[in-house]
Amino acid sequence: MLTLAILVPFVGALVLVTAPGLRATTSRALAVATAAVPLALLCFAWSRFSLGGTDFQLVEEMAWVPALGVAWRVGVDGVSLALSLMTGVLFVATIAWPMEQRERERQYYAWFLFLEAASLGLFLTLDLLVFYVFFDLSLVGMFFLIGRWGHGERQAAALKFFIYTFVGSLAILLAIIVLVLRTDPMTFDMRVLIAQQPLAGAGPVATLVFLGFVMGFAIKAPLFPVHTWLPPAHVNAPGPASAILAGVLLKMGTYGMVRMPLQMMRETFAAYALPLAVVALASILWGAFVALGQTSIKRRIAYTSVNHMGYAVLGIAAAGALVAGEEHARQLALTGAVVEMVAHGLITGTLFLLAGSIWARADTYEMDRFGGLAGVAPKLTAATVVAAFASLGLPGLAGFVAEVQIFIGAFAVFPWVAAVGLVGILITAALFLTMLLQVFFGERPVERNAFADVGRVEGAVLLAILALVVVIGVYPAWLLDLVNAATDSAVVGTATVAPGG
Amino acid sequence: MILALVVLLPTLAGFALIAAAPDRRGELALAAGFILGATLALAVAAILTGDTLLIVWGSGIELAGRLTPLSAIMLILPPLVALPVVVRGALTEEGPGLPRMVGLLLVFVGGMELVVIADDLVTLLVGWEVIGAASWALVAHRWRDPDAVTSGIWAFVVTRTGDLGLFLALMATVAATGSTRLNALGELTGMPLLLVSAGLLVSAAAKAAQAPFSPWLFRAMDGPTPVSALLHSATLVAAGAYLVLRAGPMLGDGFGAGAMAVGATTAVAGGIVALLNLHAKRLLAGSTSAHLGLMFVAAGAGYPGVALAHLVTHAAMKSALFIEAGTAHELRGTYALDRLAIGRAVPVLTWMTLLPTLALAGIPPLGAAWSKEKIAGAAHDASTLATIAVVVGGALSAAYAMRFYVAVFSPGPDVDPGRIPSRAVLILPSAFLAVVTLALSVLWIPAVPNTIADRLGVALPPGSLGLFAASIAAIAAGAVLGIVIARRRADLGRNDTAAALGDWLGLPWLLENAVARPAVALARVLARIDDVLVDRGVHLGAALSRTIAHVLARIDDTVVDRGVRLVAALSRWLANAGDRFGEWATDSLPRLTAYLVGAAGGGVRRTQTGLSHHYFAILVAGLAVAVAVLSYGA
């Protein structure tokens, strides 16, 4: 079933590529239908998922290279199920969203489906080598979407994105190889690696492997100071690709950080939890302040991702610190981090879709070229206001649920880091409200009088995603229970390792 | 369930009203009135049934709602004040976006009720931020005006600064006690207690527009009049005082002393600022900060019941005065006190408004005067300095109340009759609030407050005749001063030192130039650094690899290539050498062999002697060699 969720969009992509006669509208309809299949399958998987069951469920396994311990293994825990569900939702939304520049539609939708297969594969696989393969395939998909359907300096931005994150993925590959070589018999099975903790007590080797993982995933997340590939990639990418980049691809960094360093190297992680938390704090503050300093809508939103992923990593770092007696707080932090990933995916994905709509209508992102759009585009305004408030963490919307848990959990472990990190909440409030003022309120320039409001499809997509944001914000129990099913064992597992042992 | 409905009904109905956007004012007013009436009824039902609320979020976080005796009274207040204010607003405010304003006011009431019922810090934080966001949307209601939107941003960002305190308090409480419940505050000691006290005080002070956060309330006056009357006088700001009186008793003396210090400072400073203001709504806003300061003093001194009493009396009189400021603005198109003078145009209103004016001035036997005197008594119980501040604040309150009344309701020139709203709209809401203000006078009958205090389980401060006399004298002096200013210096606060002081003693300038601008400038600088330096690091890395690649290419061109050429040359040399040596070697070898073979042949020929003993000797020697070799091998 999970294999099918990966396979269907992949086959869909192949069909689109190899069917030259397909019209644009048919391609789009086919792509939306194909993207809906994995979402349906994942919902079904969710209904079969048992909250009290084993860590990884719905496992499917097929031998591939037995000598190396590589196999096609898929399965989910609460974290990966939540993230892949969010991925499924976001891909349907972005594929349904109208294209900015209508050219080579067939290939465009094919790349989107390819990217969906790679993203779902990454979250669903339980094999490190397959994980790495999907990690790199996602780069390829995004590279072509930015490079071929972007605007402005799209080639340069795509190349920078590719090279930069590829360097990170090489660090991850090295770390994976060293980690796996320590297992006996050799295996890439994540479950075995989590159970064996192969680098426990391995000294400097463990540190190097940890650094490799953290470096690679920090670039992908991205964290300060390795985030500078993000703004150009976002600014020049088409809106829907930006939404996927922020909503799904960035999560690969934080998800990897949970799965590999946190779960497979508990002891080493605990030793470096505080430095990681400080890096997260730097990302929170740097992302917020630098976002405030931007004059372009899309760059401003892009930098808030650095800020939000900082929150997520702060939660992960707190969860991995070995502080006796704070298991509940650490689990809270980790659950918060995962919910932040889901919430950020939906919220920032929406914001980038909206930014794409603005570009499609005005050909610019510069805030001072706008104003008073509320008068001509009330629906677009309302959606942006809701998404902006969700992003700045207003209660009743998804972001708050995540942030309040991260902060409560992190404070018990790293009080001062968490307390200083609160400033980020204030700056994001200021930066979103001033953006709303400059773009949607105040006087409207004459050139914007013909600015069109969102269409039917856009409206429906926005309504669906924002409804989800509200539901998570008001009644998150269903999501928290799902995530807790995984974070519980992740943190309790940490606790069973004796300090220093 | 009923308690949940008290929150949900106005919230959901508010959004529904925004979505439905009825065209006719009458329908809008009727719908809003009905919803608020129903909310009021639900609130009463929730109090009578003692209903509680528990929503499990997961991860050990629960949203809990519960009413204490004090919060039960507080629950009634928002829908009760909102009823006249919102209905009047629906009937009179300017057209565009009216359903949005009315709907948001209802959403705000829902958020406010959530703050009131909150029994844990997460629920409190949720309501706290929702009313802050509602404040942003309502102040920025006239969104075409960038100044109004900027004022909304001020309101949200400044109060959110305070929200960080609430976040901090939540984090520290959970870390120290493992619980989010308000009751857990009582278990705190040491550093966590200090953090939580400071956090809660900051968030309460920010919400209640206490010094140094006060200026946001001035800017919030850019919002429509109903918003000022409901949010920025009676309820949203009152949430700050409510937090102090709800959490204060559990936090101990340190928190109380802090609250008194903040409150006493603001009571005096806010009074001065109000008196020096020419802008009618800002005068009232300064007064609001000052009176919330009085509530902080009472709650900090350990008399939460007194603080709540003043909260209620203040809500009634202040929302009435805001409505009249709005009426004056409707008639004259300005808020400048020396140009209002609507007494002749609306004589009935002139008489009715006397009641809330005298209440604000603190003149017995109105209810607000009772609660203010009790605050003086509460302060007297705790601190001399605070007592002086309350008395001085009372004098200032009398002064600006009289200045406001005399300026607004002096006879003045005729008004265009077309601008005067219908009598019902003009009179009914004001009459309602005036009646409430008057009815609260029953507090002067000792049996009434004593019975209520017993019911609520709160203490009342002992009275002191000397203090009462001093207080009344101060009020009288203040009232005279206010009338003199209104008559002789009607334009006080237009273009003079008073104007500068009246703008919150220069605090907005300070916040703008010491906080907001530097923050934005810092953001710009960091953005440049990010573009130039941080990214440059990457570019440097890329450039470095390019350089290395170039160097390697050069090495490839020069060294490696030369190596290849060297090898080639070497092989050429070897080939040449080999050529010569090979010729010689290949020539010499066969010749040598031929020579050796020839020589051996000659030697062998010489052994052919034909002598048999020679043959034998050679044979024996050969055998001996063979035996020797074999035996060595064995």
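Residues numbered from 1 in each chain as written. Chains lettered and ligands numbered in written order. Predicted model: local features only at pLDDT ≥ 70, side-chain atom pairs only at ≥ 80, totals over all residues.

Here the focus is the overall build of chain B. In terms of regular secondary structure, chain B is built from 22 helices and 2 strands. Relative to a compact globule of 634 residues, whose C-alpha radius of gyration would be 26 Å, chain B shows 46 Å and is clearly more extended. Each principal axis of the C-alpha distribution contributes one length, and for chain B these read about 170 × 55 × 50 Å. Taking all 634 residues of chain B together, 53% fall into the buried category. In chain B, the proportion of contacts linking residues at least 24 apart, taken out of those at least 6 apart, comes to 81%. (Helix = DSSP H or I, 4+ residues; strand = E, 2+ residues; numbered from the N terminus. Rg over C-alpha atoms; globule rule 2.2 N^0.38 Å. Buried ≥ 20, exposed ≤ 12 C-beta atoms within 10 Å, placed from the backbone. Contact = placed C-beta atoms within 7 Å.)

Secondary structure assignment for chain A yields 19 helices and 2 strands. Over its C-alpha trace chain A gives a radius of gyration of 21 Å, about what one expects of a compact globule, namely 23 Å for 501 residues. Considered along the principal axes of its C-alpha atoms, chain A spans approximately 70 × 55 × 40 Å. Scored against the burial criterion, the 501 residues of chain A give a buried share of 63%. Long-range contacts, defined as pairs at least 24 residues apart, comprise 81% of the intrachain contacts of chain A with a sequence gap of at least 6.

All names here are of chain B. Summarising burial for strand E2 (residues 61-65): 4 of the 5 residues are buried, a large majority. Taken together, the 5 bridges between strand E1 (residues 53-58) and E2 define a ladder with antiparallel strand orientation. Residue pairing in the sheet places Val56 in a bridge with Glu62 of E2. Linking E1 to E2, which pair antiparallel, is a turn of 2 residues; within it Ser59 sits at a positive phi near 55°. (Pairing = 2+ DSSP bridges.)

Next up on the list: the interface of chain B and chain A. With 42 residues of chain B at the contact, the number on the chain A side is 44 residues. For the side of chain B that touches chain A, the secondary structure elements donating two or more residues are E1, helix H5 (121-139), helix H6 (146-177) and helix H21 (507-607) of chain B. The element that contributes the greatest number of residues to the side of chain B that touches chain A is H6 of chain B, accounting for 16 residues. Split by residue class, the side of chain B that touches chain A holds 30 nonpolar, 6 polar and 6 charged. (Nonpolar A, V, L, I, M, F, W, Y, C, P; charged D, E, K, R; others polar.)

Moving on, we get to helix H15 (residues 378-391) of chain A. Taking 1.5 Å of rise per residue, the 14 residues of H15 of chain A would be expected to cover 20 Å, and the 20 Å separating its terminal C-alpha atoms lies within 8% of that figure. With 10 of its 14 residues buried, H15 of chain A lies for the most part within the structure. The complete set of buried residues in H15 of chain A reads Leu380, Thr381, Ala383, Thr384, Val386, Ala387, Ala388, Phe389, Ala390 and Ser391 of chain A. As for H15 of chain A, its buried residues are in contact with helix H13 (297-320), helix H14 (327-362), helix H16 (398-413), helix H17 (415-440) and helix H18 (456-474) of chain A together with H5 of chain B. Of the residues one or two after H15 of chain A, Gly393 of chain A is the one with positive phi, at around 85°. (Expected span 1.5 Å × (residues − 1).)

Residues and elements named next belong to chain B. Contact geometry for helix H15 (residues 367-382) and helix H19 (residues 465-488): axes closest at 10 Å, N-to-C directions at 125°. Overall, the two elements H15 and H19 adopt an arrangement that is oblique. The two elements H15 and H19 meet at a crossing, and its hand is right-handed. Of the residues in H19, those in contact with Glu373, Ala376, Gly377 and His380 of H15 are Leu467, Phe468 and Ser471. Looking at the contact of H15 with H19 residue by residue, the classes come out as 3 nonpolar, 3 polar and 1 charged. (Axes fitted to C-alpha atoms, helices over the stretch in contact; angles between N-to-C directions. Parallel < 35°, antiparallel > 145°, perpendicular 65-115°, else oblique. Left-handed = near helix turned anticlockwise from the far one by under 90°.)

A few words now on the nonpolar core. Ala241 and Val297 of chain B are the most contacted members of the largest nonpolar core, which totals 429 residues. Those residues in contact with Ala241 of chain B that lie beyond four places of it in its chain are Ala208, Leu292, Met295, Phe296, Ala299, Ala307 and Leu311 of chain B. (Core = buried A, V, L, I, M, F, W, Y, C linked by C-beta atoms within 7 Å.)

A separate point is H17 of chain A. Residues separated by three or four positions in an α-helix point in the same direction, a consequence of the helix having 3.6 residues per turn. An ideal rise of 1.5 Å per residue puts 38 Å on 26 residues; H17 of chain A measures up with 38 Å between its terminal C-alpha atoms. Taken from the residues just after H17 of chain A, Gly442 of chain A is the one with a positive phi, measuring 75°.

Looking now at the confidence of the model for chain A. Mean pLDDT over chain A stands at 91; residues scoring 70 or higher make up 98%. For the stretch residues 494-501 of chain A, pLDDT sits under 50, and the model shows 7 contacts to residues farther than four places along the chain or on other chains. (pLDDT = per-residue confidence, 0-100.)

The next point concerns unusual backbone geometry. Negative phi characterises most residues that are not glycine, and trans characterises most peptide bonds. All names here are of chain A. In this structure, Pro222 follows Ala221 across a cis peptide bond, with omega equal to -15°. Looking at where Pro222 falls in the secondary structure, it is placed in the loop between helix H8 (204-220) and helix H9 (230-236). Residues other than glycine seldom take positive phi values, yet Arg104 does so here, at roughly 45°. Within the secondary structure, Arg104 is located in the loop between helix H3 (78-96) and helix H4 (105-124).

The next thing to look at is the environment of Arg25 of chain B. All names here are of chain B. Within the secondary structure, Arg25 is located in helix H2 (residues 25-49). For Arg25, a count of 18 C-beta atoms within 10 Å puts it in the partly exposed group. With residues up to four places along the chain from it excluded, the contact list for Arg25 reads Ala90 and Leu91.

A separate point is the confidence of the model for chain B. Looking at chain B as a whole, its pLDDT mean stands at 89, while 97% of the residues score no less than 70. Scored as a whole, the predicted complex attains pTM 0.88, and scored at its interfaces, ipTM 0.92.

Residue and element names in this part refer to chain A. Sheet analysis places strand E1 (residues 57-65) next to strand E2 (residues 70-76), joined by 6 bridges and oriented antiparallel. Note on E2: the bridge partner recorded for Gln57 is Val76. A loop of 4 residues connects E1 with E2, the two strands running antiparallel in sequence, and Gly69 in this loop sits at a positive phi of about 75°.

Time to look at the packing of helix H10 (residues 236-251) of chain B against helix H11 (residues 253-275) of chain B. Residues and elements named next belong to chain B. Close contact between H10 and H11 brings their axes to 7 Å; oriented N to C, the two are set at 140°. Considered as vectors, H10 and H11 are oriented oblique to each other. Taken together, the residues of H11 that come into contact with H10 (itself represented by Val244, Gly248 and Leu251) are Phe255, Gly256 and Ala259. Taken together, the residues that form the contact of H10 with H11 break down as 4 nonpolar, 2 polar and no charged.

With that settled, consider the environment of Thr159 of chain B. Residue and element names in this part refer to chain B. Within the secondary structure, Thr159 is located in helix H6. On a C-alpha basis, the gap between Thr159 and Glu324 in space is 27 Å, while along the polypeptide they are 165 residues apart. Excluding anything up to four places from it in sequence, Thr159 contacts Gly132, Ala206, Lys207 and Trp216.

Moving on to the environment of Ala378 of chain B. Residues and elements named next belong to chain B. Looking at where Ala378 falls in the secondary structure, it is placed in helix H15. Ala378 sits in the buried class, given 31 other C-beta atoms within 10 Å. Once the C-alpha coordinates of Ala378 and Tyr303 are considered, the two residues, 75 residues apart in sequence, prove to be 6.6 Å apart. If near-sequence neighbours (up to four positions away) are discounted, Ala378 is found in contact with Val297, Ala298, Ala301, Tyr303, Val306 and Pro461.

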